[in-house]
Amino acid sequence: MAFRKGGIQIKSADQLAVMRQAGLVVAKTLKAMAEATAPGVTTADLDSIARDCLSTMGATSSFLGYHGYPAVLCASVNSEVVHGIPGPRALKEGDLISLDFGAIVDGWHGDAALTVLVGEVSADIAALSKATEASLWAGLAQARVGNHLTDISHAVEQSTLASAAADGRAYGIVADYGGHGIGSAMHMDPHILNYGKPGRGLVLKAGMALAIEPMLTLGEPEVMVLEDDWTVVTEDSSIACHWEHTVAITDDGPWVLTALDDVRL
């Protein structure tokens, strides 16, 4: 049985194996949606693909009905950071779309997001996505037994700063949203910031599972929620980007549960 130690859920090896199955559903669904993303495709079309994948693979949605959320996919375009509701909006050449998706298998959740570039995009947008993905992998690499929670946060921030220096620009690190624990529920303790000093907070233990999800912008980091009470957008209308993976902390190192391949860092 899963249990909480110090408020954090610790999973057995068997439970992490089921989370891996949920993670594979997420990975395969994200791949299917990414391959279908093109100018003229609507965000509702992508949600329909995700629903079909859930049905085919015998999983259920982490998102549908969550606090009333009406879809299985969060589809956030351009200045939308997270929680964009799918609908009739058609994608255009040069857009950026972040696809955030979660699945449940036998009561255990997987959660991940990737960003897709729609056709030919500007160099700034391509660099933003590359920087955000790099910061995700920097954070994942710190999800190790004995590290502190803020070692992940610090790694995300330092990777972002390194990318900004290399790209000759500043990236905004969204402060109001971050990663989270995950397991028998989608959102669990702890909350994971995408910035901060290392060596602070929770000491990571084997059996924990975290969803790490940096969100960067081409402008300032401030965000606001639209009138639909879901869609988070940048206040300055700058382009935003979101990448996410679920990772298990094991004695053998980080195990990325939502990767298509068996990735252990």
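Look above for the structure.
For every chain, the first residue of the written sequence is number 1, and numbering continues from 1 onward in sequence order. Thresholds applied to this predicted model are a pLDDT of at least 70 for local features of residues and 80 or more for the giving and counting of side-chain atom pairs; totals over whole chains, interfaces and linings are not thresholded and use all residues. The basis for every side-chain value is the complete set of heavy atoms in the structure, and neither hydrogens nor water enter the calculation.

The next point concerns the sheet that holds strand β14 (residues 232-234). Here, any two strands with at least 2 DSSP bridges between them count as paired. Helix numbers and strand numbers start at the N terminus; a helix is a DSSP run of H or I with at least 4 residues, a strand a run of E with at least 2. Taken together, the 3 strands give an open sheet; going across it, the order is β5-β14-β13, and neighbouring strands pair in antiparallel fashion. Every interior strand has two partners, whereas the edge strands, β5 (80-82) and β13 (223-225), have only one. Each neighbouring strand pair of the sheet contributes to a mean axis angle of 40°, computed without reference to strand direction. With 2 bridges joining them, β5 and β14 adopt antiparallel strand pairing. The partner of valine 82 across the bridge, within β14, is valine 232. Axis definition: a line fit to C-alpha positions, over the contact stretch in the case of helices; interaxial angles, taken between N-to-C directions, run 0 to 180 degrees.

In this section: the pairing of strand β7 (residues 108-117). For the exposure calls, accessible area comes from a 1.4 Å probe over protein chains only, and a residue counts as buried if that area is under 20% of its type's maximum, exposed if over 50%, partly exposed in between. Counting buried residues along β7, 9 of its 10 residues qualify, which places the element largely inside the surrounding structure. Alignment of strand β6 (residues 96-105) against β7, held across 10 bridges, turns out to be antiparallel. Note on β7: the bridge partner recorded for leucine 96 is leucine 117. From the end of β6 to the start of β7, which pair antiparallel, there are 2 residues, and aspartate 106 there has a positive phi angle of about 50°.

Turning to the pattern of salt bridges, a few remarks are in order. If the charged atoms of two oppositely charged side chains come close together, the side chains can form a pair. Salt bridges are defined by distance alone: a side-chain nitrogen of Lys or Arg within 4 Å of a carboxyl oxygen of Asp or Glu. Counted under the stated rule, the structure contains 6 salt bridges. A salt bridge links lysine 92 to aspartate 95, with the nearest nitrogen and oxygen atoms 3.8 Å apart. The class of aspartate 95 is buried, set by a relative accessible area of 4%. We note a salt bridge from arginine 169 to aspartate 124, for which the minimum N-O separation is 3.6 Å. Note that arginine 169 is positioned in the loop between α4 (149-167) and β8 (172-173) and aspartate 124 in helix α3 (residues 123-140), a separation of 45 residues in sequence. With a relative accessible area of 25%, arginine 169 lands in the partly exposed category. By relative accessible area, aspartate 124 is classed as partly exposed at 40%.

Before going further, it helps to examine the side chain of aspartate 100. Looking at the secondary structure, you find aspartate 100 in strand β6. The charged-residue count follows a simple rule in which Lys and Arg add positive charge and Asp and Glu add negative charge, with His and chain termini not counted at all. Notably, aspartate 100 is buried but unbridged: the nearest opposite-charge side chain belongs to arginine 51, and the N-O separation is 15 Å. Beyond its immediate chain neighbours, meaning those up to four positions away, aspartate 100 contacts Phe63, Leu73, Cys74, Asp111, Ala112, Ala113, Glu213, His242 and Glu244. Any two residues whose heavy atoms approach within 4.5 Å at even a single point are treated as in contact.

Detection works on a 1 Å grid of protein atoms alone, calling trapped sets that fit a 1.4 Å probe cavities and calling open sets with protein on both sides within 12 Å along at least five of seven lines pockets, with lining residues defined by an atom within 4 Å of a point. Grid points are joined across faces, edges and corners, and a volume is the space filled by probe spheres set on the points. Overall, the coordinates contain 1 cavity of 30 Å³ or more when judged by the stated rule. In this structure, the largest cavity encloses a volume near 40 Å³. Here the element with the most residues in the lining of the largest cavity is strand β10 (residues 188-192); it accounts for 3 residues. Of the residues assigned to the lining of the largest cavity, the class counts are 7 nonpolar, 2 polar and 2 charged. Residues were grouped as follows: Ala, Val, Leu, Ile, Met, Phe, Trp, Tyr, Cys and Pro as nonpolar; Asp, Glu, Lys and Arg as charged; and all remaining residues, including Gly, as polar.

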